[in-house]
Amino acid sequence: MNPSSTPVAPVTPAAGYIGGKRNLAGRIRAIIDTTEHGAYREPFVGMGGIFLRRTRRVRSEAINDISGDVATFFRVLQEHYPYFLDMLRFRVASRGEFERLLGMDPTRLTDLQRAARFLYLQRLAFGGKVRGRNFGVDTKNGARFNVTKLEPMLADIHERLSGVVIEQLPYADFIRRYDGAQALFYLDPPYWGCETDYGQDVFSPADFAALAEQLRGIRGKMLLSINDRPEVRQIFAGFDMLPIDTTYSIGSGKPSQAGELLISNFPIA
């Protein structure tokens, strides 16, 4: 147990997100919660699949994502929770509404409208995609956008975000600003070979080498999860590496085996 932390109830993310760590969350969370640190940092937070599932919180916590949709969603949920619920209250799951919102330019919306649009699309998008979204149908559990079920989930996230700094910076700037001897960075960058899944020019193959070089010089601890590829092992050579077998599935498709790699600058079991 990290003596610098206090217990906190784990929270379920509000929607799926491509590259989410649902199957590995328990292992990653256990490593984070038992590693000594006084500040927690996430440069690629997505929908908060690891951040929200942690069972220990520290005094200084900062999350970041270059996506304006992600950053706006968390800021609105943190600061304007009651008004955000009002924006969602009368929405129903509809292919027509999904297509209408998909066609909107999010940068021309208010923060409340943008956050509501993003959550609606992510709840209904097939496979949690953020690029090339398609309307997903769940024939077993009914509509995935149901405000009755969403409201208690959003209330938990709102409470968990209390005191958390939310940034929208390039990952390198975030790491540089929030590094420190007590910091623990958890990093979940795009997978090798999937760099454009989050949008064009968000992350490139060259960023892997740049990220590895930056992490070699930080003062804090770092834990990174990524797909296990020879190129990744070569780029991050010199760090501790723990290979893990896991399963992945898209939508209701058949699960498939995959290799994941946990990379750190401290020993992990």
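The following paragraphs examine the structure supplied in this document. Quantities reported herein were computed from a predicted structural model and do not represent experimental measurements.

Criteria and cut-off values
- Residues numbered from 1 in each chain as written.
- Predicted model: local features only at pLDDT ≥ 70, side-chain atom pairs only at ≥ 80, totals over all residues.
- Heavy atoms only, no water.
- Core = buried A, V, L, I, M, F, W, Y, C linked by side-chain atoms within 4.5 Å.
- Buried < 20%, exposed > 50% of the residue type's maximum accessible area, 1.4 Å probe, protein only.
- Helix = DSSP H or I, 4+ residues; strand = E, 2+ residues; numbered from the N terminus.
- Contact = heavy atoms within 4.5 Å.
- Salt bridge = Lys/Arg side-chain N within 4 Å of Asp/Glu carboxyl O.
- Polar contact = N/O pair within 3.5 Å; in protein donor to acceptor, adjacent residues only side chain to side chain.
- Phe/Tyr/Trp six-rings, centres within 6.5 Å; stacked < 30°, edge-to-face > 60°.

## Let's talk about the nonpolar core
Thinking step 1. If you look at the biggest cluster of nonpolar residues, it comprises 55 residues, and the most contacted ones within it are Phe 73, Phe 74, Phe 84, Leu 119, Leu 154 and Ile 157.
Thinking step 2. Among the secondary structure elements, those contributing two or more residues to this core are helix 1 (25-33), helix 2 (68-79), helix 3 (81-88), helix 4 (95-102), helix 5 (111-124), helix 6 (147-160) and strand 6 (183-187).
Thinking step 3. At seven residues, helix 5 tops the list of elements feeding residues into this core.
Thinking step 4. Residue contacts for Leu 119: discarding those within four places in its chain leaves Ala 14, Ala 15, Phe 73, Phe 84, Leu 88, Leu 150 and Leu 154.
Thinking step 5. By size, the runner-up hydrophobic cluster in this structure holds 27 residues, among which are Ala 183, Leu 215, Phe 236 and Leu 261.

## As for the pattern of salt bridges
Thinking step 1. Summed over the entire model, instances satisfying the criterion amount to 14 salt bridges.
Thinking step 2. Where Arg 54 meets Glu 61, a salt bridge forms, and the shortest distance between an N and an O atom there is 2.8 Å.
Thinking step 3. With a relative accessible area of 0%, Arg 54 lands in the buried category.
Thinking step 4. Among the residues examined, Glu 61 registers a relative accessible area of 2% and is labelled buried.
Thinking step 5. The residue Arg 57 makes a salt bridge to Glu 61 at a minimum N-O spacing of 3.5 Å.
Thinking step 6. Residues joined in a network through salt bridges with shared partners are Arg 54, Arg 57, Glu 61 and Arg 160.

## With respect to the side chain of Arg 54
Thinking step 1. With respect to the element layout, Arg 54 can be found in the loop between strand 2 (39-42) and strand 3 (56-57).
Thinking step 2. Within the local environment of Arg 54, its side chain forms a polar contact with the backbone oxygen of Arg 56, the two atoms lying 3.3 Å apart.
Thinking step 3. Residues within four places of Arg 54 in sequence aside, it is in contact with Val 8, Ala 9, Pro 10, Arg 29, Ile 32, Asp 33, Tyr 40, Glu 61 and Arg 160.

## Quick look at the packing of aromatic side chains
Thinking step 1. Across all of its chains, the model carries 13 aromatic pairs by this definition.
Thinking step 2. A ring pair is formed by Phe 44 and Phe 203, whose centres lie 6.1 Å apart and whose planes are at 75 degrees; its orientation type is edge-to-face. One end of the pair, Phe 44, is in the loop between strand 2 and strand 3; the other, Phe 203, is in the loop between strand 6 and helix 8 (205-216), and 159 residues separate them in sequence. Per residue, the accessibility class of Phe 44 equals that of Phe 203, and both read buried.
Thinking step 3. Through pairs of rings, three or more aromatic residues link up here, namely Phe 44, Tyr 171, Trp 192, Phe 203 and Phe 208.

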